[in-house]
Amino acid sequence: MSTPAPVQHHGSLRRILALVRKESWQVIRDPSSIAVGIVMPMMLLILFGYGLSFDLKNLPVALVMEENSAEARGAVSGFELSDYFQTHPVKTMAEAERLLKDKTVSGIVRIPPQFARNVALGDGDIQIVVNGTDANTARISLAYAQGAVATWLARQAAEGRITGNGASVDIQTRLWFNEANESSYFLVPGLIVLVMTLIGALLTALVMAREWERGTFEALFVTPVRPVEILLGKIIPYFILGMLGLALSVAGSQILFHVPLRGSLWILVIVSMLYLIVALGVGLLISSVTKSQFVASQVTLVVTFLPAMMLSGFMFDIRSMPLVIQFITYIFPGRYFVSVLQTLFLAGDIWGVILPNAAVLAVMATVLMAASVRATRKKLG
């Protein structure tokens, strides 16, 4: 009575391996192609026209005032009254740095001690620290900050408080996490998201939909192979292919673009595995519902690839989007994966960013895989 369970387990494993071998040869012989239809241009038009903006607004900055003089309050008024900034007063520079590392703020404005005295002597300093993860955002943020200080200086000069031979303010700027201000440091982690999305979601959806169209699944259903075994046999080759794509992307980021990897490689692998499972789950679910390669390709591009490119923080700052679009971005897993990748590559193991995003990806992976198995069983019934 105790022997059938191991025998059954061995038979199940053997069937899964046979399916994996068959699917692996299919991947090698017949790579899937992407169908482009009418829906894609429409979605691009809507997303670019209404959901995205190259103008930065409401950039959160930590405001550290180590002096509470009239000059200091006047200098920071340009930030407090501007539509481009959202100030968060803090007491110490250490607290401001913690907020910058946690991505609660995008920059720091520091008014040092004896600011009024130094301004009167013509040697005033305002320190501005900007998160350089996104090189384009960093450049624009610095320009806005310099403009805010320049507005204050012009107002001081108009009121006769600063003369041509009088006080001046030197703005000291620094880019964190991307000192060279290289755009590749910001783009390469996002490209990893696109690569794994294409392999995990789009390719899986196309292959599974093709199996439904050709009736291959019906032939498998009359065999002893169970639905879970069928799904595992289909997705394991694409999971391996996705991890291979990750390895090549990480290697390319180091060799070709010299993007620093300041965080743990193992954490990067684990989180990438979670995202890949999410992408595979999306592809399986879409193919089970549509059963058509064309429809599956269109739906997958809309649901995974386009959001990963435009609504994840990869190309455009989410805070600059309309509030409704910002809420919509929480639905898409690319948002969480991009945040983790940028943090691991450029900032390091910042657990306040890694753990919440990884937890969301883990929940998504569990829900999507369970839904895929259920959808496949429903089709059998």
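A short tour of the structure in this document, coming up.

Criteria and thresholds
- Residues numbered from 1 in each chain as written.
- Predicted model: local features only at pLDDT ≥ 70, side-chain atom pairs only at ≥ 80, totals over all residues.
- Heavy atoms only, no water.
- Core = buried A, V, L, I, M, F, W, Y, C linked by side-chain atoms within 4.5 Å.
- Buried < 20%, exposed > 50% of the residue type's maximum accessible area, 1.4 Å probe, protein only.
- Helix = DSSP H or I, 4+ residues; strand = E, 2+ residues; numbered from the N terminus.
- Contact = heavy atoms within 4.5 Å.
- Pairing = 2+ DSSP bridges.
- Right-handed = clockwise from strand over helix to strand, strands pointing away.
- Salt bridge = Lys/Arg side-chain N within 4 Å of Asp/Glu carboxyl O.
- 1 Å grid on protein atoms, 1.4 Å probe; cavity = no way out; pocket = protein on both sides within 12 Å on 5 of 7 lines; lining within 4 Å.
- Points joined across faces, edges and corners; volume = space filled by probe spheres on them.
- Nonpolar A, V, L, I, M, F, W, Y, C, P; charged D, E, K, R; others polar.
- Axes fitted to C-alpha atoms, helices over the stretch in contact; angles between N-to-C directions.
- Parallel < 35°, antiparallel > 145°, perpendicular 65-115°, else oblique.
- Left-handed = near helix turned anticlockwise from the far one by under 90°.

In this structure, Ile108, Met196, Phe337 and Phe345 are the most contacted members of the largest nonpolar core, which totals 71 residues. At the level of secondary structure, the elements contributing two or more residues to this core comprise strand E1 (59–65), helix H4 (93–101), helix H7 (183–214), helix H9 (227–255), helix H10 (265–290), helix H11 (293–310), helix H13 (333–347) and helix H14 (351–380). No other element matches the 13 residues that H7 contributes to this core. Those residues in contact with Phe345 that sit more than four places away from it in its chain are Pro189, Ile192, Val250, Ser253, Gln254, Val259, Pro260, Leu261, Arg262 and Leu268. Ala72, Ala75, Ile126 and Leu142 belong to the second-largest nonpolar core, a separate cluster that totals 24 residues.

The subject of this paragraph is the pairing of strand E2 (residues 85–90). In the case of a regular strand, side chains alternate between the two sheet surfaces. As defined by bridge partners, E1 adjoins E2 across six bridges and the pair is classed as parallel. By the bridge assignment, Leu63 is partnered in E2 with Pro89. Handedness of the E1-helix H3 (residues 70–80)-E2 crossover: right-handed.

On to the environment of Arg210, then. Residue position: Arg210 is located in helix H7. A C-alpha to C-alpha distance of 6.8 Å links Arg210 and Ser292, two positions 82 residues apart in sequence.

For the rest of this paragraph, the subject is the pattern of salt bridges. Scanning the entire structure with this criterion turns up three salt bridges. A salt bridge links Arg98 to Asp102; the nearest nitrogen and oxygen atoms lie 3.8 Å apart. Accessibility expressed as a relative area gives 30% for Asp102, which makes it partly exposed. Residue Arg319 pairs with Asp317 through a salt bridge whose shortest N-O separation is 3.2 Å. The exposure class of Arg319 is partly exposed, given its relative accessible area of 31%.

What follows deals with the environment of Ala308. Relative to the elements of secondary structure, Ala308 occurs in helix H11. Note: C-alpha distance between Ala308 and Gly334 (26 residues apart in sequence) is 4.8 Å. Residue contacts for Ala308: discarding those within four places in its chain leaves Val193, Leu194, Thr197, Tyr275 and Phe314.

For Lys103, which is not a glycine, the phi torsion comes out positive at approximately 65°. For Lys103, the location among the structural elements is in the loop between H4 and strand E3 (107–111). Although it is not a glycine, Gln114 sits at a positive phi angle of roughly 60°. Tracing the backbone shows Gln114 in the loop between E3 and helix H5 (115–120).

Attention shifts here to empty space enclosed by the protein. Tallying each qualifying case throughout the model produces two cavities of 30 Å³ or more. Taken as a whole, the largest cavity encloses approximately 70 Å³ of empty space. Around the largest cavity, the lining residues are Leu59, Val61, Phe85, Ser106, Gly107, Ile108, Val109, Ile128, Val129, Val130, Ser141 and Ala145. When contributions to the lining of the largest cavity are tallied by element, the ones reaching two or more residues are E1, E3, strand E4 (124–131) and helix H6 (135–158). Residues that form the lining of the largest cavity fall into these classes: nine nonpolar, three polar and no charged.

Looking now at the packing of H3 against H6. Between H3 and H6, the least distance of the axes is 8 Å, while the angle of their chain directions is 130°. Classified by the angle between their axes, H3 and H6 sit oblique to one another. Remark: the crossing between H3 and H6 carries right-handed chirality. Residues Glu71, Gly74, Ala75, Ser77, Gly78 and Phe79 of H3 lie in contact with H6, whose contacting residues are Ala145, Ala148, Val149, Trp152 and Arg155. Grouping the constituent residues of the contact of H3 with H6 by class yields six nonpolar, three polar and two charged.

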